[in-house]
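Breakdown of the fold
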Amino acid sequence: KKLDCQKEVVTAKQGYDKAAGEVNIKAASSEAPPAAAGTATYVGVEECGMCHKEAVEFWKTTKHVKAWQTVVAANKQFNFDCISCHVTGFEKPGGSSIGYNEDLRGVQCEQCHGPGSLHVDAEGAAQQRSTILRRPDESVCLQCHTPLHSDTFAGNFDAYLRDVTGAGHGPAVRASLGDGETAAELRAAGLKKAGAFIG
């Protein structure tokens, strides 16, 4: 009977999440705010891959690529408290919204480097260099890697960089970091410690 009760609670929660999600989509604007004329908008990882194939291939090996699937698996893709860190450019000019995010799902290139339309449209090497997107620093990452959701992030920026840089994507940055703990190792150690504490 206890198992049946647990199933009923889970089913009720899923029904609530679905209903809340439908309300959120109806309440949300149809699209993210439009970008001002002449400013960059989001183009999506497929567009980035046209010129930066090696970087995109590396991205596909990181946890960032799975961010959307993670929120969907938890049935939180329509939850305003969750979705912003699982899509790219959420509610930013020319970015994604709760109901319109198909091309910007996951933590894509532009979440870290900024919207890329001006870079994509640039003609010639000089213009491309002038539209190079930002190099992310820790403050960009801290928008999502909060103590509540990423308790091993604070004070361990280099460890996290080791997981998201490498051949094809920031090899010089990765080389400058040298050997050391990675974010994956920090998380594994944290889970092991938590499991030991719980018993």
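Look above for the structure.
A few points on the structure.

The next point concerns the overall build of the protein. When helices and strands are counted, the protein shows twelve helices and zero strands. Written out in order from the N terminus, the α and β elements of the protein read α-α-α-α-α-α-α-α-α-α-α-α. In the protein, which comprises 199 residues, the share counted as buried stands at 29%. Nonlocal contacts in the protein, meaning residues at least 24 apart in sequence, comprise 51% of its contacts between residues at least 6 apart. Surface accessibility of the protein: about 12,900 Å² in total, with carbon and sulfur atoms responsible for 58%.

To continue, consider the nonpolar core. Note that soluble globular proteins tend to have their nonpolar side chains buried in a common cluster. Formed by Cys141, Phe153, Phe157, Ala159, Tyr160, Leu161, Leu177, Ala183 and Leu186, the largest nonpolar core amounts to nine residues. Element by element, the count of residues in this core is highest for helix 10 (residues 157-164), at four residues. If sequence neighbours within four positions are ignored, Leu186 has contacts with Thr152, Asn156, Ala159, Tyr160 and Glu181. Counting six residues, the second-largest nonpolar core is a separate cluster that includes Ile83, Val87, Phe90 and Ile98.

Calculation rules
Residues numbered from 1 in each chain as written. Predicted model: local features only at pLDDT ≥ 70, side-chain atom pairs only at ≥ 80, totals over all residues. Heavy atoms only, no water. Helix = DSSP H or I, 4+ residues; strand = E, 2+ residues; numbered from the N terminus. Buried < 20%, exposed > 50% of the residue type's maximum accessible area, 1.4 Å probe, protein only. Contact = heavy atoms within 4.5 Å. Areas by Shrake-Rupley, 256 points an atom, 1.4 Å probe, with all protein chains shown as cover. Core = buried A, V, L, I, M, F, W, Y, C linked by side-chain atoms within 4.5 Å.

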